[in-house]
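Now for the letters of each chain:
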Amino acid sequence: MSLPLEGRSAIVTGAGRGLGRAEALELARLGAAVVVNDFGQPGRDGSGAASATPAEEVAAGIRAAGGRAAAHTGDVADHQQARELVELAVAEFGQLDILVNNAGILRDRMVFSMSEDEWDSVIRVHLKGHFNTTHFAAAHWRARSKAADAPVYGRIVNTSSEAFLAGSAGQPNYAAAKGGIVGLTTSTALALAKYGVTANVICPRARTRMTADVFAGFQEPAGDGSEDRLDPLAPEHVAPLVGYLASPAAAQVNGQLLVVHGGMVAVVERPRVAAKFDTKQDAFTYDELDALLTPHYADRPTGETFAAAEVLGLKHE
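Residues numbered from 1 in each chain as written. Predicted model: local features only at pLDDT ≥ 70, side-chain atom pairs only at ≥ 80, totals over all residues. Heavy atoms only, no water.

(A) Spotlight on the pattern of salt bridges. All chains considered together, the criterion is met by nine salt bridges. The partner of Arg-107 in a salt bridge is Asp-117, and the shortest N-O contact between them spans 2.8 Å. Taken together, the residues span a long stretch of sequence, with Arg-107 in the loop between strand S4 (98–100) and helix H4 (116–148) and Asp-117 in helix H4 at a distance of ten residues. Asp-117 gets classed as partly exposed once you look at its relative accessible area, which sits at 48%. Between Arg-109 and Glu-118 there is a salt bridge whose closest N-O contact spans 2.4 Å. Take Arg-109: its relative accessible area is 38%, and that puts it in the partly exposed class. (Salt bridge = Lys/Arg side-chain N within 4 Å of Asp/Glu carboxyl O. Helix = DSSP H or I, 4+ residues; strand = E, 2+ residues; numbered from the N terminus. Buried < 20%, exposed > 50% of the residue type's maximum accessible area, 1.4 Å probe, protein only.)

Shown next, in the form of structure tokens:
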């Protein structure tokens with residue numbers, strides 16, 4: 001019996017550690033050849049010297065298990081290095097079929113304290129990094145589709161965050177970048193559908209190097225003989241969904257956002273129009289808007305915004 005991704009090739013960015021590593025291993029387990037990308041900086045804020053070790057160790061582990069893998073240690077936020085990443089996948093494996101964007105950093109600060117560099121660096125790595133790889137992968141698939149005069153196989157899985165959905169107060173740069181990734185994904189899904197490519201976005205929750213302090217001591221397996229149970233916040237809870245979205249089985253899943261963690265997957269519905277008001281004149285006046293909108297919001301719960309904070313309460317039942 002063939003594996004779901006047998007004969008396919010994939011890129012996973014930020015795959016030297018944490019979520020990306022688990023995702024790369026899962027894609028390899030499902031049969032894909034994997035280019036493991038990681039810039040290798042030790043600090044979760046993007047600090048420290050770049051290192052080839054994280055990417056090379058994951059790639060070596062895949063090969064040791066009988067799979068095919070190559071390491072790429074470039075910075076996906078650099079346009080040329082992202083091009084080289086896609087070119088490496090094509091050179092090594094003949095073509096690219098799957099792109100999983102996961103690379104990111106954190107530089108948390110309240111909006112009134114955040115520096116320009118703290119803003120720019122997070123937007124650069126997350127949002128520009130997602131765009132760069134998507135741009136070159138999309139061009140590859142479009143060219144192949146035109147040459148074949150038929151749709152090709154292409155899968156993009158992007159990584160957003162509950163910080164975007166819930167409006168994380170101490171992460172305006174991260175929340176903005178992750179919201180931008182959702183917009184990039186839905187735009188890409190519509191643009192590439194005719195070429196046979198799907199693009200979806202996940203909001204994972206996992207205990208990784210980036211979130212070590214956030215989830216410190218949270219939902220750890222109890223010391224009651226259950227130590228062999230998988231940590232509810234282990235990245236391995238997320239990786240199977242990435243494998244599924246990368247597979248032929250998910251051909252009809254496109255432009256979707258899914259929250260995943262701890263044995264749970266939630267499909268998030270697109271925004272709906274809650275109310276609509278029409279002017280009784282040629283154009284709205286201040287007084288008319290006051291008469292319509294002020295009563296509409298008068299009884300809203302304090303603190304309720306467009307953010308969907310309830311996603312933070314989702315858990316496996």
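(B) Up close: helix H1 (residues 18–29). Across its twelve residues, H1 extends 17 Å between first and last C-alpha, which sits within 8% of the 16 Å expected from 1.5 Å per residue. By the burial criterion, the buried members of H1 are Leu-19, Gly-20, Ala-22, Glu-23, Ala-24, Glu-26, Leu-27 and Ala-28. Looking at the buried positions of H1, the neighbouring elements they touch are strand S1 (9–12), strand S2 (33–37), helix H2 (53–64), S4, strand S6 (197–204) and helix H7 (239–245). Positive phi shows up at Gly-31, right after H1, with a value of about 110°. (Expected span 1.5 Å × (residues − 1). Contact = heavy atoms within 4.5 Å.)

(C) The arrangement of the nonpolar core in detail. Leu-27, Val-34 and Val-36 are the most contacted members of the largest nonpolar core, which has 32 residues in total. Secondary structure elements with two or more residues in this core: S1, H1, S2, H2, S4, H7 and strand S7 (257–261). If near-sequence neighbours (up to four positions away) are discounted, Leu-27 is found in contact with Leu-5, Ala-10, Val-12, Ala-32, Val-34, Ile-98, Val-100, Val-242, Gly-243 and Ala-246. (Core = buried A, V, L, I, M, F, W, Y, C linked by side-chain atoms within 4.5 Å.)

(D) Here's a closer look at the packing of aromatic side chains. Taken as a whole, this structure holds zero aromatic pairs when the rule is applied. Its guanidinium or amino end placed over the ring of Tyr-153, Arg-8 lies 3.7 Å from that ring's centre, counting from NZ or CZ. (Phe/Tyr/Trp six-rings, centres within 6.5 Å; stacked < 30°, edge-to-face > 60°. Lys NZ or Arg CZ within 6 Å of the ring centre and 35° of its normal.)

(E) Region of the structure containing the packing of helix H3 (residues 79–93) against H4. One way to put it is that H3 packs onto H4 with a least axis distance of 8 Å and a crossing angle of 45°. In terms of orientation, H3 and H4 fall into the oblique class. The interaxial crossing formed by H3 with H4 has right-handed handedness. Here His-79, Ala-82, Arg-83, Leu-85, Val-86 and Val-90 of H3 lie close against H4, whose contacting residues are Phe-131, Asn-132, Thr-133, His-135, Phe-136, Ala-137 and His-140. Taken together, the residues of the contact of H3 with H4 sort by class into seven nonpolar, five polar and one charged. (Axes fitted to C-alpha atoms, helices over the stretch in contact; angles between N-to-C directions. Parallel < 35°, antiparallel > 145°, perpendicular 65-115°, else oblique. Left-handed = near helix turned anticlockwise from the far one by under 90°. Nonpolar A, V, L, I, M, F, W, Y, C, P; charged D, E, K, R; others polar.)

(F) Focus on the packing of H4 against helix H6 (residues 172–192). For the pair H4 and H6, interaxial distance at closest approach is 8 Å and the crossing angle is 15°. Comparing the axis directions of H4 and H6 gives the class roughly parallel. Crossing of H4 against H6: the hand is right-handed. Residues Glu-118, Trp-119, Val-122, Ile-123, His-126, Leu-127, His-130, Phe-131, Thr-134 and Ala-138 of H4 form the contact with H6, whose own contacting residues are Pro-172, Asn-173, Tyr-174, Ala-176, Ala-177, Lys-178, Gly-180, Ile-181, Leu-184, Thr-188 and Leu-192.

(G) Here's a closer look at the environment of Pro-172. As for its position among the elements, Pro-172 is in helix H6. Classification of Pro-172 by relative accessible area gives buried; the value is 19%. Considered as a pair, Pro-172 and Gly-18 are 154 residues apart in the sequence and their alpha carbons are 23 Å apart. Leave out the neighbours within four places in its chain, and Pro-172 touches Arg-109, Met-110, Val-111, Met-114 and Trp-119.

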